[in-house]
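Secondary and tertiary structure notes
Residues per chain, in single letters:
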Amino acid sequence: MKTEILKVDPLNIALERSKLRYAADVIRGGGLVAFPTETVYGLGADALNPKAVEKIFKAKGRPADNPLISHIADISSLPLIAVEVPEKAAVIMRRFWPGPLTLVLKKAPGVPGIVTAGLDTAAVRMPSHPAALALIEESGTPLAAPSANTSGKPSPTSAEHVIADLSGKVDIIIDSGIPAIGIESTVVDVTSDPPVILRPGWVDIQMLAEYLPGIIYSGDRGRFCVSLQEEQGQDRGRFCVSKGTGEGGSSGHTEHHGGRCAGNGGGVGEDASSVRMGNDLSAISSSSSSNDEIKEKLIQSPKSPGMKYRHYAPEALFEIAGGRDEREIAGKIRELCRAYFAQGMNVGILSTVQTDSEYADLVRKFTKRANHRADQKTDNMGGLKSDHRTDHTAGHVPDNIETKIKTPAPGGVEVICLGDRKEAAGIAASLYYALREMDRRGADVILAEQIPEDGIGFAVMNRMMKAAVK
Ligand code: TXA
Ligand code: MG
C-alpha cells in the first residue's frame with residue numbers, strides 16, 4: 001500500500017480543512033489515517049466500522065485483547081461510545097476535555113466488540129489538538145485510535161516516527177509537527193468506586209482528586225525487581241523490572257532475571273524513599289489513607305488490559321538508576337556505563353540538565369574507540385558516527401584520531417539530555433524521541449535517571465519502568 005503524507009499546519013486549520021476533508025473521506029471509506037494529538041500520534045479508523053478497526057490491529061501488530069480508545073470532537077457524540085455517564089465522569093470531562101484524559105465508561109451497544117476487546121466498557125477521549133478535532137469532525141464518526149507505533153515500541157512523537165513504523169501499512173499520515181505533551185493520556189476508570197487511574201499521564205492524581213476526592217492509582221502487576229548488580233553488592237537504589245509477558249502474551253508467569261523481587265512496598269530501590277510507585281500491589285491514594293480492602297479489590301479486578309504488555313520499549317536494553325540525589329544517580333550511571341562498555345556494548349545515557357556534565361569525560365574517553373570502530377565497520381554498527389555525537393566531544397577529539405588508534409575497541413558512549421529534572425513536562429516531551437534516537441544510533445543499552453515523581457514525573461517513571469521490562 002502506498003502511504004500518503006499530508007502536511008497540516010496546526011496553527012492554520014481553517015486553511016487546511018480541505019486536506020483534512022480528504023483524509024476524512026479515507027476514514028469513511030474504511031481506511032487508516034495516522035494523525036497528531038496533543039499527547040502522541042494516533043492511528044485512526046472509524047470506531048463504528050469493525051472491518052476498519054481490524055486493520056488497526058493488523059498494521060500495529062497489536063494483540064486483539066488490548067482495547068482501543070475512541071476519540072470524539074464533540075460531547076454530543078459521547079452516547080455513540082458510552083452510556084450511563086455518571087456525574088463523577090461528567091465533572092472531569094468538563095474540566096479536562098478537550099485534553100489528555102481518557103475515561104473508561106460503560107460501553108454503548110453500537111460499539112463493535114473489536115474496539116473494546118470484548119469488554120463491556122469503552123475508553124473515550126476528546127483530544128485538544130486542532131488537527132485531530134478537525135479530522136474527527138470531518139469524518140462524522142468517532143475515531144478508534146491507539147498510538148501510531150508498532151506494538152510495543154515507544155509511542156510516536158513525530159510524523160517521522162509514524163513513517164518509520166507504519167509506512168506502507170496505512171493510507172495517510174498527517175504530519176503536524178511535535179505533540180506538546182509527548183506521552184499518552186491519563187486513563188481513568190470511572191465505572192468503579194472509587195475511580196481508578198489505570199494509566200498515569202499529564203493529568204495527575206492531584207488534579208483529579210480536586211474533582212474526585214478518593215480517586216486512587218493502581219498500576220498493573222508491575223513485578224519490579226532489584227536487578228543483576230545488586231547481587232554483586234553495588235546496587236543501592238538501582239532497579240529494573242523483571243521479565244514481563246511480552247507482546248501478545250497473557251498475564252501470569254513472571255520470570256526474574258536476577259536479583260530478588262522487591263516485596264510489597266519495596267519496589268524501586270531501597271534508598272529511593274521518595275518513590276511512591278514501588279510495585280503494582282501498592283495502590284496509591286490521593287489521600288494518605290488507602291485502605292487494604294480497596295487494595296485487595298484492585299488487585300483482583302481487571303486492569304487496563306494494555307498495561308500488562310512490555311511497552312514503550314526501545315530495541316536496546318533499558319535500565320534506570322535511582323538514588324537519593326542526582327549526584328548519587330549520576331554516579332551509578334557512570335558505574336553502569338563503564339561496566340557495559342567493558343562488555344563491548346554501545347551505551348546511550350539519558351542525562352538531565354543537572355547531570356549532563358557528569359558524563360562528559362565518559363563520552364570523551366570512549367569516543368576515540370567508538371570512532372575507530374565506526375571507521376572499521378560502519379555498516380553493521382548501527383551508526384555510531386561522529387556527527388551523531390553530543391557537544392561533549394566538541395573540541396576534544398583530534399580530526400585524525402581514527403588513524404591513530406590501532407586496538408579494536410568494544411563500543412562507544414552517547415548522551416542525550418532529556419531536560420531539567422525539576423521540569424518533568426520537558427522530560428516527558430523528549431523521552432520517546434530519545435529512546436528512538438538511541439536505537440537509531442546503535443545503542444545496545446540505554447541508561448536513564450530516576451526523576452522526581454511529582455506531577456507528570458510520575459507518568460514518566462511509569463513509562464520508563466514499562467520500557468525496562470525485559
Ligand atoms: O494519548 C493517548 O491516549 C493516545 C492518543 C492517540 O490518544 N492513545 C493511546 O492509545 O495511547 P493506546 O491504545 O496506545 O492505549 C490505550 C490504553 C491501553 O492501555 C488500553 O488497554 C486502555 O487504554 N484501554 C482501552 N479501553 C479500555 C477499557 N475498556 N478498559 C480499560 N482500559 C482500556
Ligand atoms: Mg500505545
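Structure: above.
All figures in this text were calculated on a predicted structure; none of them were measured in a lab.

Attention now goes to the overall build of the protein. For the protein, the helix and strand inventory stands at 14 helices and 19 strands. Residues counted as buried form 60% of the 470 residues belonging to the protein. Partitioning the contacts of the protein with sequence separation of at least 6, the portion at a separation of at least 24 is 73%. Accessible area for the protein stands at about 18,600 Å²; split by element, carbon and sulfur atoms hold 52% of it.

For the rest of this paragraph, the subject is the packing of helix α13 (residues 424–440) against helix α14 (residues 457–467). Two elements in contact, α13 and α14, have axes whose closest approach is 9 Å; the angle formed by their N-to-C orientations is 30°. With respect to their mutual orientation, α13 and α14 come out roughly parallel. As for the relative orientation of α13 and α14, their crossing is left-handed in sense. Here Ala424, Ile427, Ala428, Leu431 and Tyr432 of α13 lie close against α14, whose contacting residues are Gly457, Val460, Arg463 and Met464.

In this section: the pairing of strand β17 (residues 347–351). Burial runs high along β17: five of the five residues are buried. Alternating positions in β17 separate into two faces, Val347, Ile349 and Ser351 on one and Gly348 and Leu350 on the other, with burial throughout. Inspection of the sheet shows β17 paired to strand β18 (residues 413–417) by five bridges, in the parallel sense. Within β18, the residue paired with isoleucine 349 across the bridge is valine 415. Strand direction decides the pairing type here: β17 and strand β19 (residues 445–449), joined by four bridges, are parallel. Bridging across to β19, isoleucine 349 finds its partner in leucine 447.

Within the structure shown, the criterion is met by 21 salt bridges. Among the salt bridges present, the one from aspartate 25 reaches arginine 28, with a minimum N-O distance of 2.4 Å. Taken as a pair, aspartate 25 and arginine 28 lie in helix α1 (residues 13–28) at a separation of three residues, close to a single helical turn. A salt bridge links glutamate 358 to arginine 327; its shortest N-O distance comes to 2.6 Å. Of this pair, glutamate 358 sits in the loop between β17 and α11 (360–377) while arginine 327 is found in helix α10 (residues 326–342), placing the two residues 31 residues apart along the sequence. Given the relative accessible area of 24%, glutamate 358 is considered partly exposed. A residue is classified by how much of its surface remains accessible, and arginine 327, at 44% relative accessible area, is partly exposed.

What follows deals with the packing of aromatic side chains. This model, assessed by the stated rule, comprises three aromatic pairs. Note on phenylalanine 96 and tyrosine 211: the rings are 5.8 Å apart at their centroids and 80° apart in plane angle, and the pair reads as edge-to-face. Taken together, the residues span a long stretch of sequence, with phenylalanine 96 in helix α4 (residues 87–96) and tyrosine 211 in helix α8 (residues 205–211) at a distance of 115 residues. Given a relative accessible area of 5%, phenylalanine 96 falls into the buried group. Centre to centre, the rings of tyrosine 217 and phenylalanine 458 are 4.8 Å apart; their planes meet at 85°, and the pair counts as edge-to-face. One end of the pair, tyrosine 217, is in strand β12 (residues 216–217); the other, phenylalanine 458, is in helix α14, with 241 residues separating them in the sequence. Take tyrosine 217 and phenylalanine 458: they sit in the same class, and that class is buried.

To continue, consider the layout of surface pockets. Of the pockets and cavities examined, the second largest pocket occupies roughly 280 Å³. Lining the second largest pocket are 18 residues, with His161, Tyr433, Arg436, Glu437 and Arg440 positioned closest to its centre. At six residues, the largest contribution of residues to the lining of the second largest pocket is made by α13. The two domains that each donate at least three residues to the lining of the second largest pocket are domain 1 (4–175) and domain 2 (317–468).

What follows concerns the pairing of strand β9 (residues 172–175). Neither face of β9 is left uncovered, since the one carrying Ile172 and Ile174 and the one carrying Ile173 and Asp175 both have all their residues buried. Here four bridges tie strand β1 (residues 4–7) to β9, and the two strands are oriented parallel to one another. The residue of β9 that forms the bridge with glutamate 4 is isoleucine 172.

We now examine the environment of alanine 434. Summarising the element assignment, alanine 434 is placed in helix α13. Sequence-wise, alanine 434 and cysteine 417 are 17 residues apart; in three dimensions their C-alpha atoms are separated by 8.5 Å. Not counting residues up to four positions away in its chain, the partners in contact with alanine 434 are Leu350, Ile416 and Leu418.

The next subject is helix α6 (residues 130–139). Burial runs high along α6: eight of the 10 residues are buried. Residues of α6 that are buried sit in contact with α1, β2 (33–35), β4 (69–71), β8 (143–144) and β9. Just downstream of α6 lies glycine 140, where phi reads positive at about 70°.

Parameters at a glance
Position numbers for residues start from 1 in each chain and track the written sequence from start to end. Whichever chain is written first becomes A and whichever ligand is written first becomes 1, with later ones labelled in order. Given that the model is predicted, a residue must reach a pLDDT of at least 70 before its local features are reported, and side-chain atom pairs must reach 80 or more before they are shown or counted; all residues, however, enter totals for whole chains, interfaces and linings. To obtain the side-chain values, all non-hydrogen atoms of the structure were used and water was disregarded. For helices the rule is a DSSP run of H or I covering at least 4 residues; for strands it is a run of E covering at least 2, with both sets numbered from the N terminus onward. Per-residue accessibility, obtained with a 1.4 Å probe over protein chains only, is compared with the maximum for each type, and a residue is labelled buried under 20%, exposed over 50%, and partly exposed between these values. Any pair of residues with heavy atoms lying within 4.5 Å of one another is described as a contacting pair. Calculation of accessible area relied on Shrake-Rupley with a 1.4 Å probe; when residues are assessed, cover is drawn exclusively from the protein chains displayed. Structural elements are reduced to axes, namely lines fitted to C-alpha atoms, with helices fitted over the stretch in contact, and the angle between N-to-C directions of any two is expressed from 0 to 180 degrees. Oblique is the label for any angle not covered by the other classes, which are roughly parallel (under 35 degrees), roughly antiparallel (over 145) and roughly perpendicular (65 to 115). Here is the rule for handedness: rotate from the far helix to the near one, and if that takes an anticlockwise turn smaller than a right angle the crossing is left-handed, while a clockwise turn gives right-handed. Paired strands, in this sense, are two strands between which DSSP finds at least two bridges. Every case where a carboxyl oxygen of Asp or Glu lies within 4 Å of a side-chain nitrogen of Lys or Arg is listed as a salt bridge. In this scheme Phe, Tyr and Trp rings, the latter by its six-membered ring, pair at centre separations within 6.5 Å, and the angle between planes marks the pair as stacked below 30 degrees, edge-to-face above 60, and tilted otherwise. Of the two site types, the cavity is a set of points on a 1 Å grid over the protein atoms alone where a 1.4 Å probe fits but cannot get out, and the pocket is an open set with protein on both sides within 12 Å along at least five of seven lines, each lined by residues with an atom within 4 Å of a point. Grid points are joined across faces, edges and corners, and a volume is the space filled by probe spheres set on the points. Segment limits for the domains were obtained from an automatic or database-derived domain assignment.

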